[in-house]
Each structure stands twice: as structure tokens, then as C-alpha cells.
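Chain by chain, the residues run as shown.
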Amino acid sequence: MINYIIRRLLILPVILFGVSVLVFAMLMLVGPYQRLSTYIKSPAELKTANLDSLVEKYGLNDPFHQQYGRWISGVLKGDFGWSETAGATVTEAVLQRFPATLELALLALIPVIMGGINLGVFSAVHHNDPWDHVTRVFSIVGWSIPTFVFGLVVLMIFYGVLGWFPPGRLSVWASDIIRSSEFVQYTHLNIIDGLLNANLKVVGDAIRHLVAPVFSISILWWAYILRITRSSMLETLRKDYIRTARSKGVKERVVVKKHARKNALIPVVTVAGHMVLGLLGGLVITETIFGYQGLGQFFASAASQLDYAAVLGLALYFGFLLILINLCVDVSYAIIDPRIRLE
Amino acid sequence: MEWQEVLINLLRNKISLLGIFIILFFVIIAVFAPWIAPPASPRDPYMIPRAGWSPQPKPPNEEHIFGTSENQYDIFYGIIWGTRTAFRVGLIVVGISTFIGITIGTISAFYGGMVDEVMMRVTDIFLSMPFLVAAIVLTTILGKGLDNVMIALVTFGWMSTARLMRSQVLEIKTEEFVEAAEALGASDMRIIMRHVLLNTIFPVVINASMRMGSIVITASSLSFLGVGAPTGYADWGQMISFSRNWILGTQGNALQFWYTVVFPGVAITLFCLSWNLVGDAFRDILDPKLQN
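Residues numbered from 1 in each chain as written. Chains lettered and ligands numbered in written order. Predicted model: local features only at pLDDT ≥ 70, side-chain atom pairs only at ≥ 80, totals over all residues. Heavy atoms only, no water.

Some remarks on the overall build of chain A
Within chain A one finds 17 helices and 2 strands. Summarising its shape, the C-alpha atoms of chain A cover approximately 85 × 55 × 40 Å along the three principal directions. Residue burial in chain A is summarised as follows: out of 343 residues, 50% are buried. Of the contacts made within chain A by residues no fewer than 6 positions apart, 69% connect residues no fewer than 24 positions apart. As displayed, chain A has an accessible area near 16,200 Å², and 66% of this comes from carbon and sulfur atoms. Within chain A, one finds 29 positive and 22 negative side-chain charges whose respective centroids are separated by 12 Å. (Helix = DSSP H or I, 4+ residues; strand = E, 2+ residues; numbered from the N terminus. Buried < 20%, exposed > 50% of the residue type's maximum accessible area, 1.4 Å probe, protein only. Contact = heavy atoms within 4.5 Å. Areas by Shrake-Rupley, 256 points an atom, 1.4 Å probe, with all protein chains shown as cover. Lys, Arg positive; Asp, Glu negative; His and termini not counted. Charge placed at Lys NZ, Arg CZ, Asp CG, Glu CD.)

Here's the deal with the packing of helix α9 (residues 172-179) of chain A against helix α11 (residues 200-237) of chain A
All names here are of chain A. Two elements in contact, α9 and α11, have axes separated by 10 Å at closest approach and are oriented at 130°. As the angle between them shows, α9 and α11 are arranged oblique. Here the hand of the crossing between α9 and α11 comes out left-handed. Every residue of α11 that contacts α9 at Trp-173, Ala-174, Ile-177 and Ile-178 is listed here: Lys-201, Val-202 and Asp-205. Among the residues making up the contact of α9 with α11, the classes are represented as 5 nonpolar, no polar and 2 charged. (Axes fitted to C-alpha atoms, helices over the stretch in contact; angles between N-to-C directions. Parallel < 35°, antiparallel > 145°, perpendicular 65-115°, else oblique. Left-handed = near helix turned anticlockwise from the far one by under 90°. Nonpolar A, V, L, I, M, F, W, Y, C, P; charged D, E, K, R; others polar.)

Re the interface of chain B and chain A
Listed per partner, the contact involves 47 residues of chain B and 51 residues of chain A. Together chain B and chain A conceal approximately 4,500 Å² of surface at their shared face, both sides included; 78% is due to carbon and sulfur atoms. When the buried surface of chain B facing chain A is broken down by residue, B:Ile125, B:Met129 and B:Ile141 rank first, second and third, together holding 13% of it. Seen at the junction of chain B and chain A, the total is 2 salt bridges. If you look at where chain B meets chain A, you find 3 residue pairs in polar contact (both at pLDDT 80 or more). A total of 12 residues in the side of chain B that touches chain A trace back to one element, the largest contributor, which is helix α12 (residues 258-286) of chain B. (Buried area = accessible area lost by both parts, 1.4 Å probe. Salt bridge = Lys/Arg side-chain N within 4 Å of Asp/Glu carboxyl O. Polar contact = N/O pair within 3.5 Å; in protein donor to acceptor, adjacent residues only side chain to side chain.)

Remarks on helix α4 (residues 75-111) of chain B
All names here are of chain B. An ideal rise of 1.5 Å per residue puts 54 Å on 37 residues; α4 measures up with 52 Å between its terminal C-alpha atoms. Bending of α4 peaks at approximately 30° at the position of Gly-82. With respect to burial, α4 is a largely interior element, 26 of its 37 residues being buried. Backbone nitrogen of Tyr-77 and a side-chain oxygen of the N-cap are separated by 3.0 Å at the start of α4; the cap is Asp-74. Just beyond α4, the residue with positive phi is Gly-112, at close to 60°. (Expected span 1.5 Å × (residues − 1). Bend = angle between axes of the 7 residues up to and from the residue.)

Observations regarding the pattern of salt bridges
Taken as a whole and judged by the stated rule, the model has 10 salt bridges over all chains. A salt bridge links B:Asp280 to A:Arg136; the nearest nitrogen and oxygen atoms lie 3.0 Å apart. Residue B:Asp280 is found in helix α12, and its partner A:Arg136 is found in helix α7 (residues 130-144); the two belong to separate chains. A:Arg136 matches B:Asp280 in its accessibility class, with the two residues each being buried. Each member of the salt-bridge network shares a partner with another, and the members are B:Glu117, B:Arg121, B:Asp124 and B:Arg163.

Remarks on the side chain of A:Asn199
With respect to the helices and strands, the residue A:Asn199 is situated in the loop between α10 (190-196) and α11. Sequence-distant contacts of A:Asn199, that is, excluding residues within four places in its chain, are made with A:Ile177, A:Phe183 and A:Gly194.

Notes on the side chain of B:Ser220
Position of B:Ser220 relative to the elements: it lies in helix α10 (residues 188-224). There is a polar contact of 2.5 Å between the side chain of B:Ser220 and the backbone oxygen of B:Val216. Leaving out residues up to four positions away in the same chain, B:Ser220 has contacts with A:Phe148, B:Asp235, B:Gly237 and B:Ile268.

Some remarks on helix α7 (residues 146-155) of chain B
Burial analysis of α7(B) places 7 of its 10 residues in the buried class, which makes it a mostly covered element. For α7(B), the complete set of buried residues consists of B:Leu146, B:Asn148, B:Val149, B:Met150, B:Ala152, B:Leu153 and B:Val154.

Comments concerning the packing of helix α6 (residues 90-125) of chain A against α11(A)
Residues and elements named next belong to chain A. As a packed pair, α6 and α11 sit with axes 6 Å apart at the nearest point and diverge in direction by 35°. The chirality of how α6 crosses α11 is right-handed. Looking at the contact of α6 with α11, its residues break down into 21 nonpolar, 6 polar and 2 charged.

Notes on empty space enclosed by the protein
For the coordinates displayed, the defined rule picks out 3 cavities of 30 Å³ or more. Empty space within the largest cavity amounts to approximately 70 Å³. Taken together, B:Gly82, B:Thr85, B:Ala86, B:Val89, B:Val216, B:Ala219, B:Ser220, B:Asp235 and B:Trp236 make up the full set of residues lining the largest cavity. Elements with a contribution of two residues or more to the lining of the largest cavity: α4 and α10 of chain B. The element that contributes the greatest number of residues to the lining of the largest cavity is α4(B), accounting for 4 residues. In the lining of the largest cavity, the residues fall into 5 nonpolar, 3 polar and 1 charged. Here the second largest cavity is characterised by a volume of approximately 50 Å³. Forming the walls of the second largest cavity are A:Val23, A:Leu27, A:Thr38, A:Trp71, A:Phe80, A:Ala309, A:Leu312, A:Gly313 and A:Leu316. Listing elements by their share of the lining of the second largest cavity, those giving two or more residues are α1 (2-27) and α17 (308-336) of chain A. Examining the composition of the lining of the second largest cavity, we find that 4 residues originate from one element, α17(A), more than from any other. The class makeup of the residues in the lining of the second largest cavity is 7 nonpolar, 2 polar and no charged. (1 Å grid on protein atoms, 1.4 Å probe; cavity = no way out; pocket = protein on both sides within 12 Å on 5 of 7 lines; lining within 4 Å. Points joined across faces, edges and corners; volume = space filled by probe spheres on them.)

Topic: a negative patch on the surface
All names here are of chain B. On the surface, Glu-171, Glu-175, Glu-176, Glu-179, Glu-182 and Asp-188 cluster together into a patch of negative charge. No other element matches helix α9 (residues 176-183), which puts 3 residues into the negative patch. Looking at the element boundaries, Asp-188 is found in helix α10. (Patch = residues over 30% accessible without salt bridge, like charges linked within 9 Å, V, L, I, M, F, W, Y side chains within 5 Å.)

Spelled out as C-alpha cells, the structure:
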């Protein structure tokens, strides 16, 4: 296993380098003048000097590798340029919005994983009876509804008609509270901050705003996890040791929960990386629909306003984040499943 | 399993039969679009005709049976011609990216060693960005338009096929019949074409069928976010983006503009559902683990 982890760590710089080259190559597809925004540190720069001298200054007509070298050394220091959409440098804008997205993603993971696994186990236990068919049809339909359609319908019904779950991140009164001097923002995650400040009203308001986006994300991934859990559970339930347990007279409930489910979950871990990938992409749509001011919404509005600096900075950021998450997933997989270490 | 056997199983399976019917339904709509919804100007049939200039959507009536959307775009027309857009984007993107994936996966597994290592690391690099994010970045840079959307989707859409193909070929490479062909002096090209590809193609076909749905969803997501199809182009994602400003209705009548999201939403969901139904049934038929 040590070898496996070392190998993964050795490849890591190669992948990181590759992703940065890929992002930079996409940046090079636009002209030097449009690329300027990814180099400057404030819009005042554009007003004081003329554009030609700025292009000259940042060497935007130099050969690819020279420009890449200059760009990556800036990126390593955290210089991604100026974002017109956010009215701030890209780094500032990302840091400011990161907690919101983290809060949404973490909160979504719980119902996604628990719901998906339980549905999958349920479906496998009821293999080929009506319940199995109902859950499977539900999952295929759930997988086929685009997030932006489902999200809009959720918004229309749960906010428009019922008025339960408003869009945005916090109500006006609640954001006034968290910005006030008595309220200490320890983590910038509103739920945790609210608990730490013993202000349950803020916690309640934060949760109220999170329910609809979390629900819209969940429906899609339930289908995905259900599918994998179900087929791996079906396979496990046919194993000899399950038959042994049953013939010893172990209760069916215990067989399913204690003996089968644990082993059936191993393949689910392998797709966790894939899921995070899709989840990050899905956040772009979900946050946009529910007006939730996180990284996803920032990315979408930057893209529609051709804010190259922000779009590419975020792409790189998402890429690095994903590589690290995948590394964690692979290592934990090697720890959970002893068989993989032998390879 | 042979082709004929798989086909018979697909037609016997109720789930896949339903999927096939829905696909056929959409094919008919796409083929007969000029008759179902005659274009106002035959030179540019993909531009949705407008029934006026007022921004507020109007409910279904005799002239516009699904109503009109924001800025008076006819919803029925947009859905009918949007079917063609969906097929075009889906088939072209899935076709080209599957071809690239098969080529890279096969070469990688067949030759192994350094070739494999380099190709798989390149695949990893392309896989390191969320698909939707990468597609949005490239489309933003190339500019609005369906062609650029397709280029972006192909650029970041071939990796899963490549990985799948690679594992398939690795498995089959050690089979005796491949070794036998090699011993008989068959060329690499002949072995790949005749012995390897024919025996590994089914999982790739399932993958392609499932991807038809997700590619069409991603393409319309781009249009929904305003970086995909040009304004007024018959595209389901764009039809739904027209409904965004009206989704909460008016005071006291939240569902007033339901038709702006429901009709295009049903169209895109049914389209994706049909491909997923076929792909799902296909997978069950071919999965030896699920056979009793």
C-alpha cells in the first residue's frame, strides 16, 4: 500500500502541471488584449497606461513557454488577475465565496450519500419485486431530469406557491445580524457560526435557505448511488458467506445490515471521486438558480460576462481541488479494501 | 452474446421498448419538423419566430398552442426544432468523442508501456476538471454558438470511453484467440479491428447511449447559463432560460407562467429518459453478474 500511495504522490505534480498547461492553453486562445485582465491587479492600471504598453509590459506577445512561466509564477503566488464581475481580484473573490459553497456541498453530501445507499440496499433486498421496480424507475427518471429544470420547478413550488424555502443565502435581517459587531464569524459557515454564537434564529434561517438547493442536488445523485449500491449489493448477497450466515439462523435484517452492506459499500467509495466531480459542476447550476452567492454562481455569471480572469482562475481552482479530493479518495480506498494493495 | 440476441432481448424488455418508442417519437418529430412547425423564413429555420415584442409570456392559445415565452418566442416551434438541435448535438458529440475514446483506449492498452503511461496521464489531466466547468470555460473562450459548444463537449467528453475501452482491451488481449491470431502473423491493425474491437464494443455502446442524455443535458445547461446557443436559437436549454425571470409568477398567482418551464422541461427530460432507459436495460442484459 505504501508503494501505491508513493506512486500516487509522485504522479501528483505531473497532473498538477498538466492541468495548469491545459488551462493556460485555453487562455492563449484569446487575443493579447483580452488576456490583459488575467494579469492586472486593479482596473486603475488600465486607465493609467495605454493598452499597448501593458501588453508589452506583461510580454503577451512572447512565445508560449515564456508566457507560461511568467503566468504560473504569478498563479503560485495567488495572482489570478482582476475580476470585473466581482469587482475584486480573483483570489479575494474566491476566498470570499468559498465558505458558502463549502457549506452547501457538505450539507448536500449527507442526504445524497445516506439516501442513495439506503435506496440501493432497499432496492437490492426487494430484488425483482414491485418495490425494486418503483425505486429503479424513480432513479432513472431522477437521473434524466436536468438540474436546471428540477431546480426551477422546486423554486416555483416551494417558494412561489408555498413560500417555504426562499432563494439566496440568508434573509436580510439575518445577514444584518451576522455582520453586526456582537456576532463573531469564526468559520463563515453560517450554521456553525450561528451555533457557536448561540443564535438559533440565524441557524434556522441558514437551513431554510439551504433546503431547496440541497434537495435539487440530491435527487440527481440518489439515482447514481442507488444504481451502484444496488448492483454491488446484489452481488454480495449471493456470496457464500451470506449463505453461511443465513443457514446459521442469523436474522435477515442482521445479514443485510451487518454482513452484506459493509462489503457492498466498497465500490461506492470508488465512485466518490466521480461524484465530487459532478457535484462541483452541478453547483454551478444549482447556485445560479437559487441565487446562492457561492463559487458556482460566481463562475456562471463570470462566464456569461466573458470575465476570462475569473473563469480561468476558477477552472484552475476547481481542478486543483478535485485532484486533491481524488487523491484522498484513492488512498482511503486502498486502506478500506485490502485487495487493491496487492496490485 | 451476439448482436441479434442482444437486439431481441432489448425488444422483449418492456423498459427498453418504452425507451425505443420515445426515441422513435423524437426522430419522427425531428424529421418532419418543417411540416409540423413550418418555418417563417426557410433560410433560417432554427431561429424561433416571435409573435410580437412584449417581454411578458402569453399563455397557450389557438395560434400558439404551448404559449409564448419571454419576448414572445413561440414555445411549440422552439420545442419542435429544438428536437433537431438535441439530436444534432447529441449524435455529433457522442459520435466523435466515442471514436476518439476508442482510439486512445485501444492504442493505450494494446501497446502498453510508455505509450500507455503517457496517454493515461493525459486522460487524467483532462479528467481533473468538472465536465460542466471545463465545457463552460472553453465555450466562453471560443465564443457563443452551437459549433463551439460541440467542440468544447468533444474536447472534454472522450475520457470515460478511453478508460472503459482500455480496461476492456486489457482483458481481451490475453485471450487465446488473440494470441492465436498473433501467432498466425496477423498485423496489429487486423487484430485490433477483427478480434479486439468486435469483442469489446458492447460496453462502449451502453456508455454511448447513456452519454446521449448527459451530453444533451450539458449542452442545454450551457445555453441555460447564456454561454451556449445564440439568443433566439431553437434550443431546449435556452427555452428554459427564457422562463427564469418569470418562474415566480405574479403576486398571488405563482404558477401564472408554468408553461414556460413545463413544456420545454418535459421535452428535454423525456429525451434524456429514453436514452437512459435503453442504456439501462442494455446494461442489465449484458451484465453477467445479474443473470440468474
